[in-house]
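Letter by letter, the chains look like this.
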Amino acid sequence: MKRPEWKKIGSCVVTAVFVVLLVAVGVLQKTARTEVDVILFAGQSNMSGVGDASLAPAVPEGVGYEFRAITDPTRLYPLAEPFGENENNSGMCDDRGLLERTGSLVSAFVNSYYAQTRTPVVAVSASRGSSKMHTWLKENGLFLDAGQRLDACLKYLNADPSYKIRHIYMVWLQGESDTSAKKTPEDYEEKLTELFDNFKILGVEKCFVIRIGLDLERDSEGIDHVIEAQTELCRTSEDFVLVSTQAVTLNDRGMMQDRVHYTQEGYNFIGEEAGTNAGSYVETGVEPFMEDPYYGNTYVPGEESE
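Remember, it's a predicted structure, so these values are computed and weren't measured experimentally.

Chemist: Help me understand the overall build of the protein chain in this model?
Modeler: When its secondary structure is counted, the protein chain shows eight helices and nine strands. Residues classed as buried in the protein chain amount to 52% of the 306 residues present. A sequence separation of at least 24 residues applies to 77% of the contacts in the protein chain between residues at least 6 apart. Carbon and sulfur atoms make up 51% of the accessible area of the protein chain, which totals about 14300 Å².

Take a look at the structure:
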């Protein structure tokens with residue numbers, strides 16, 4: 001009787017095991033994807049941030065990333081302040097000649113958001129100082145630039161097998177430039193609704209609103225119009241979630257560096273509040289209740305402010 005060729009059999013077994021291991025590794029590589037939430041940070045100068053980056057909180061490794069749509073859309077960068085420092089697009093979301101992005105609320109927001117969700121954030125900068133609502137909506141306006149930045153980020157992440165997009169959101173901080181007593185709250189609500197309808201087409205699920213603070217040199221009636229508009233829009237529309245009301249207290253807290261801009265301590269304070277509330281909403285689906293110092297009551301979603 002011819003004896004089995006043990007060397008050949010052993011070789012075949014080793015080969016088979018090796019193939020199985022390769023397949024298993026391939027499956028693990030395909031399934032071991034990092035889930036991320038993409039967040040577009042849009043608005044005017046207090047979203048751009050004119051604080052002091054050295055006083056901003058550090059973002060731990062793996063908690064947040066910046067997608068630099070303008071300067072380097074080929075990779076993700078660890079999130080650090082000043083966020084969006086060089087993300088200027090000529091004539092569009094461009095702060096050159098207006099202000100310098102020196103420190104924002106984004107790092108504080110992302111840290112607090114992650115504490116609630118345990119999901120890393122990929123942040124995209126899309127803001128312009130002094131921008132009014134009509135500049136976001138006009139033909140070839142700021143929405144076009146912001147939308148292209150978001151789209152570039154989504155395409156990058158979808159093409160990278162190591163990431164999986166869980167949610168797409170935007171955070172909105174804008175309105176000081178629209179505090180004219182001649183405008184009504186309805187004017188602002190209509191324009192912001194129209195703007196977000198455009199973002200929804202790109203896949204944005206919710207707009208988290210950081211309500212504006214005070215302009216210390218502008219008519220209080222105009223400020224009231226914007227605050228009322230932002231409050232009521234969040235109260236009545238499922239597309240908008242109010243995540244911060246405390247900006248109006250920053251002057252009393254000594255956290256204003258001029259008539260309208262926050263100090264870095266102010267950005268940290270507002271960012272932490274907004275990130276905590278946004279993250280809580282994402283995890284629970286329940287819109288946050290919060291102290292509302294402007295109206296002197298508690299903000300309750302679905303209930304009219306008095």
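Moving on from the model shown.
Chemist: What exactly am I supposed to notice about helix α3 (residues 106-117) here?
Modeler: Every α-helix winds through 3.6 residues per turn, so residues three or four apart in the chain are directed the same way. With twelve residues, α3 should reach 16 Å at 1.5 Å per residue; the first-to-last C-alpha distance of 16 Å fits that figure. Of all twelve residues that make up α3, nine are buried, and the element is covered over most of its length. If you check which residues of α3 are buried, you get Val106, Ser107, Ala108, Phe109, Val110, Ser112, Tyr113, Tyr114 and Thr117. Against β1 (34-43), β2 (64-68), β4 (121-127), β5 (163-173) and α8 (264-284) lie the buried residues of α3.

Chemist: How should I be thinking about the pairing of β2 in this particular structure?
Modeler: Successive side chains on a regular strand alternate, one facing one side of the sheet and the next facing the other. In terms of burial, β2 is largely enclosed, as four of its five residues are buried. Of the strand pairs in this sheet, β2 and strand β3 (residues 72-78) are connected by three bridges, and their pairing is antiparallel. In the strand pairing of β3, Glu66 is matched with Tyr77. The turn linking β2 back onto β3 is made up of three residues.

Chemist: Can you walk me through the packing of helix α6 (residues 185-201) against helix α7 (residues 220-236) in this structure?
Modeler: Angle between the axes and distance between the axes are the two parameters that describe a pair of packed helices. For the pair α6 and α7, interaxial distance at closest approach is 8 Å and the crossing angle is 50°. Considered as vectors, α6 and α7 are oriented oblique to each other. Both α6 and α7 take part in a crossing whose hand is right-handed. Contacts between α6 and α7 involve Pro185, Tyr188, Glu189, Leu192 and Thr193 on the former and, on the latter, His225, Val226, Glu228, Ala229, Gln230, Glu232 and Leu233. Taken together, the residues of the contact of α6 with α7 break down into six nonpolar, three polar and three charged.

Chemist: Is there a simple way to explain the layout of surface pockets in this structure?
Modeler: Taking a probe equal in size to a water molecule and rolling it over the atoms shows the remaining empty space. Each pocket or cavity is described by its volume, and for the largest pocket that value is around 210 Å³. Lining the largest pocket are 14 residues, and of these Gln44, Ser45, Ser130, Ser177 and Arg259 lie nearest its centre. For the lining of the largest pocket, the class distribution of residues is three nonpolar, six polar and five charged.

Chemist: What am I meant to see in the nonpolar core here?
Modeler: Soluble globular proteins: nonpolar side chains tend toward being buried together. Of all hydrophobic cores here, the largest spans 81 residues; its most connected members are Phe41, Phe109 and Trp172. When residues in this core are grouped by element, the largest group, eight residues, is from helix α5 (residues 142-159). Setting aside anything within four residues of it in sequence, one finds Phe41 in contact with Met47, Phe83, Val106, Phe109, Val110, Ala123, Val124, Ser125, Ala126, Ser127 and Val171.

Chemist: How should unusual backbone geometry be read in this particular structure?
Modeler: Phi is mostly negative for residues that are not glycine, and the peptide bonds are mostly trans. The omega torsion across Glu81 and Pro82 is 0°, close enough to zero to call that bond cis. Among the secondary structure elements, Pro82 is positioned in the loop between β3 and α3. The backbone of Arg118 sits at a positive phi, close to 55°, despite the residue not being glycine. Assignment of secondary structure puts Arg118 in the loop between α3 and β4.

Chemist: Please clarify how the environment of Leu40 should be interpreted in this entry.
Modeler: For Leu40, the location among the structural elements is in strand β1. Between the alpha carbons of Leu40 and Tyr169 there is a distance of 6.4 Å; along the sequence they are 129 residues apart. Contacts of Leu40, omitting those with residues within four sequence positions, involve Val124, Ala126, Ala146, Leu150, Tyr169, Met170, Val171 and Phe199.

Thresholds applied
- Residues numbered from 1 in each chain as written.
- Predicted model: local features only at pLDDT ≥ 70, side-chain atom pairs only at ≥ 80, totals over all residues.
- Heavy atoms only, no water.
- Helix = DSSP H or I, 4+ residues; strand = E, 2+ residues; numbered from the N terminus.
- Buried < 20%, exposed > 50% of the residue type's maximum accessible area, 1.4 Å probe, protein only.
- Contact = heavy atoms within 4.5 Å.
- Areas by Shrake-Rupley, 256 points an atom, 1.4 Å probe, with all protein chains shown as cover.
- Expected span 1.5 Å × (residues − 1).
- Pairing = 2+ DSSP bridges.
- Axes fitted to C-alpha atoms, helices over the stretch in contact; angles between N-to-C directions.
- Parallel < 35°, antiparallel > 145°, perpendicular 65-115°, else oblique.
- Left-handed = near helix turned anticlockwise from the far one by under 90°.
- Nonpolar A, V, L, I, M, F, W, Y, C, P; charged D, E, K, R; others polar.
- 1 Å grid on protein atoms, 1.4 Å probe; cavity = no way out; pocket = protein on both sides within 12 Å on 5 of 7 lines; lining within 4 Å.
- Points joined across faces, edges and corners; volume = space filled by probe spheres on them.
- Core = buried A, V, L, I, M, F, W, Y, C linked by side-chain atoms within 4.5 Å.

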